[in-house]
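Residue-level structure breakdown
Below are the chains, spelled out letter by letter.
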Amino acid sequence: MIRSPLTIPEPDRTPAIITHLSPLAGFLIPTLGNLLGPLVAWLAFRDRSRALDEQGKEALNFQLSWWLYSLVLGVLAFVLFSLGLLGGAVGAAAGAPDLGAFAFLGSFGAFFLFFLPVLLIVSVVPFVFMILAVVRVSAGQAYHYPLSIRFLK
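In this text, all values refer to a predicted model and were calculated from it rather than measured experimentally.

1. Examining the side chain of Asn61
One can find Asn61 in helix 3 (residues 50-93). Sequence-distant contacts of Asn61, defined by excluding residues within four places in its chain, comprise Ser148, Ile149, Arg150, Phe151 and Leu152.

Structure below.
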């Protein structure tokens, strides 16, 4: 579906900026603040104009999508790290301490060389997109987040 470019009128820009900055509530309420902030902002501003309704949905859809991506990545990291530790323990118990140590150190290596950088990226990317949204909205242009699943249409 191709959307027509929506301009944000001057009186709606400040509420739209507040909506896009509302995920910063995650610093006050970890885990849920980045979802509750856009939800509260969208519910508060959606009846004022079509532009505020659209921007609120954009912010909320992006935060829901990113929360889902982070959850899947966290579960994957936990499972793979646990399997590495379990493999190390099984290898050591089976009488092959070198194999157990290799699996154990391999899981730590994978954690520090792969999962920590990925988790850092997962933490920084939403902040960058949020700043881009604020800059675009302050100029009066609507912002559409990339990598966003459209839960609310």
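2. Focus: the layout of surface pockets
Its boundaries defined by the atoms lining it, the largest pocket holds a volume of some 440 Å³. Around the largest pocket sit 19 residues that line it, and Asn34, Gln63, Val122, Ser123 and Pro126 are the ones nearest its centre. Of all elements in the fold, only helix 2 (33-45), helix 3 and helix 4 (97-138) reach the threshold of two or more residues within the lining of the largest pocket. Of the residues forming the lining of the largest pocket, the biggest block, 5 residues, is contributed by helix 4.

3. Regarding the UniProt feature "transmembrane region" (unreviewed entry) in the chain
Under the UniProt annotation, the feature "transmembrane region" (unreviewed entry) is placed at residues 24-45, 66-90 and 102-135. Within the segment residues 24-45, helix and strand shares are 59% and 0% respectively, and the terminal C-alpha atoms sit 17 Å apart.

4. Thoughts on helix 2
Note on helix geometry: an α-helix contains 3.6 residues per turn, so any two residues three or four positions apart are oriented the same way. The terminal C-alpha atoms of helix 2, which comprises 13 residues, lie 18 Å apart, in line with the 18 Å expected from a rise of 1.5 Å per residue. Among all positions in helix 2, only Gly33, Leu35, Gly37, Pro38, Ala41, Trp42 and Phe45 are buried.

5. Description of helix 1 (residues 10-21)
With 12 residues, helix 1 extends 17 Å from end C-alpha to end C-alpha; this agrees with the ideal 16 Å at 1.5 Å per step. Residues of helix 1 that are buried include every one of Asp12, Pro15, Ala16, Thr19 and His20, and no others. An end-on view of helix 1 places all buried positions within 140° of arc, on one side of the element. Turned more than 90 degrees away from the buried face of helix 1 sit Glu10 and Thr14, all of them exposed.

6. Comments concerning the nonpolar core
Membership of the largest hydrophobic core comes to 18 residues, with the highest contact counts inside it found for Ile8, Ala16, Phe62, Phe129, Val137, Tyr143 and Tyr145. Elements that contribute at least two residues to this core include exactly helix 2, helix 3 and helix 4. With 6 residues, helix 3 is the single largest residue contributor to this core. Not counting residues within four places of it along the chain, the set of residues in contact with Ile8 comprises Arg13, Ala16, Ala51, Gln55, Val137, Gly140, Gln141 and Ala142.

7. Details of the pattern of salt bridges
Applying the stated criterion to the full structure yields 3 salt bridges. For the salt bridge of Arg13 with Glu10, the shortest nitrogen-to-oxygen distance reads 3.0 Å. Placement of the pair is Arg13 and Glu10 together in helix 1, with a separation of 3 residues, close to one helical turn. For Glu10, a relative accessible area of 55% translates into the label exposed.

8. A short note on unusual backbone geometry
You will see that Leu147, though not glycine, has its phi angle at about 60°, which is positive. With respect to the helices, strands and loops of the structure, Leu147 is situated in the segment after helix 4.

9. Side note on the environment of Leu21
Locating Leu21 in the fold gives a position in helix 1. Once residues lying within four places of it in the same chain are set aside, the contact partners of Leu21 are Met130 and Val134.

Basis of the calculations
Sequence order as written defines residue numbering, which begins from 1 separately in each chain. Restriction of local features to residues with pLDDT of at least 70 applies here, the model being predicted, together with a cutoff of 80 or more for giving and counting side-chain atom pairs; totals for whole chains, interfaces and linings are based on all residues. Working from all heavy atoms in the structure, the side-chain values ignore hydrogens and water. In this text, helices come from DSSP runs of H or I with a minimum length of four residues, and strands from runs of E with a minimum of two, each type numbered from the N-terminal end. The contact criterion used is simple: two residues touch if any of their non-hydrogen atoms lie within 4.5 Å. Using a 1 Å grid laid over the protein atoms alone, points where a 1.4 Å probe fits but cannot get out form a cavity; open sets with protein on both sides within 12 Å along at least 5 of 7 lines form a pocket; any residue with an atom within 4 Å of a point counts as lining. Grid points are joined across faces, edges and corners, and a volume is the space filled by probe spheres set on the points. UniProt positions are given in the numbering used here, feature names are shortened, and annotations may be inferred rather than shown by experiment. In this scheme, a helix's expected span is set at 1.5 Å multiplied by one less than its residue total. The classification of residues rests on relative accessible area computed with a 1.4 Å probe and restricted to protein chains. Under 20% of the type maximum is buried, over 50% is exposed, and intermediate values are partly exposed. To be clear, the arc concerns the directions from the helix axis to the C-beta atoms. Residues grouped as a nonpolar core are buried Ala, Val, Leu, Ile, Met, Phe, Trp, Tyr and Cys residues, joined through side-chain atoms within 4.5 Å. Put simply, a salt bridge is a Lys or Arg side-chain nitrogen that is within 4 Å of an Asp or Glu carboxyl oxygen.

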